[in-house]
Amino acid sequence: LKAKPGKAILGTKVRVKAPHYATERVYTVGEAFSAQMPSRIHFGLGEIQSLESIEVLWPDGELDHYPDPKLNQYHKLSQ
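Residues numbered from 1 in each chain as written. Predicted model: local features only at pLDDT ≥ 70, side-chain atom pairs only at ≥ 80, totals over all residues. Heavy atoms only, no water.

Participant: Looking at this structure, how should I read the pairing of strand 5 (residues 53-57)?
Facilitator: Each regular strand displays side chains that alternate between the two surfaces of the sheet. When you tally the buried positions in strand 5, you get four out of five residues, the bulk of the element. Sheet topology note: the strand 1 (residues 13-18)/strand 5 ladder contains five bridges and is antiparallel. Bridge pairing links K13 to L57 in strand 5. Here strand 5 runs beside strand 6 (residues 63-67); their pairing, made up of five bridges, is antiparallel. Directly across from S53, in strand 6, lies its bridge partner P67. With antiparallel pairing between neighbouring strands as the criterion, strand 5 and strand 6 make up a hairpin whose turn holds five residues, including G61 at a positive phi of roughly 100°. (Buried < 20%, exposed > 50% of the residue type's maximum accessible area, 1.4 Å probe, protein only. Helix = DSSP H or I, 4+ residues; strand = E, 2+ residues; numbered from the N terminus. Pairing = 2+ DSSP bridges.)

Participant: Sorry, what's going on with the nonpolar core here?
Facilitator: Taken as a class, soluble globular proteins show a tendency for nonpolar side chains to be buried jointly. In terms of nonpolar packing, the biggest core is built from eleven residues, these being A3, V14, V16, A18, F43, L45, L51, I54, V56, W58 and L77. Of all the secondary-structure elements, those providing two or more residues to this core are strand 1 and strand 5. (Core = buried A, V, L, I, M, F, W, Y, C linked by side-chain atoms within 4.5 Å.)

Participant: Help me out: how do you make sense of the environment of T23 in this one?
Facilitator: Tracing the sequence through the fold places T23 in strand 2 (residues 21-26). Spatially, the C-alpha atoms of T23 and L45 are 9.5 Å apart, while their sequence positions differ by 22 residues. Not counting residues up to four positions away in its chain, the partners in contact with T23 are V14, R15, V16 and F43. Among the polar contacts made by the side chain of T23, one reaches the side chain of R25 at a distance of 3.1 Å. (Contact = heavy atoms within 4.5 Å. Polar contact = N/O pair within 3.5 Å; in protein donor to acceptor, adjacent residues only side chain to side chain.)

Below, the structure written as structure tokens:
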């Protein structure tokens, strides 16, 4: 994720949607008990073969929509 200059990135919500499935993660960084949190958001999709979209809700309220993302790769999403 890359926010606009001067904008916050922490708290950004990323949602993936597939037929009959949706899940969301919130971007955070920092420490957990005996571990360090990764700076990437990962979605384990199991048997899902395709996604309808990725939606990104930035902390300032802006919503970005990315249709038909590819599976099994990293996506660089910019505000």
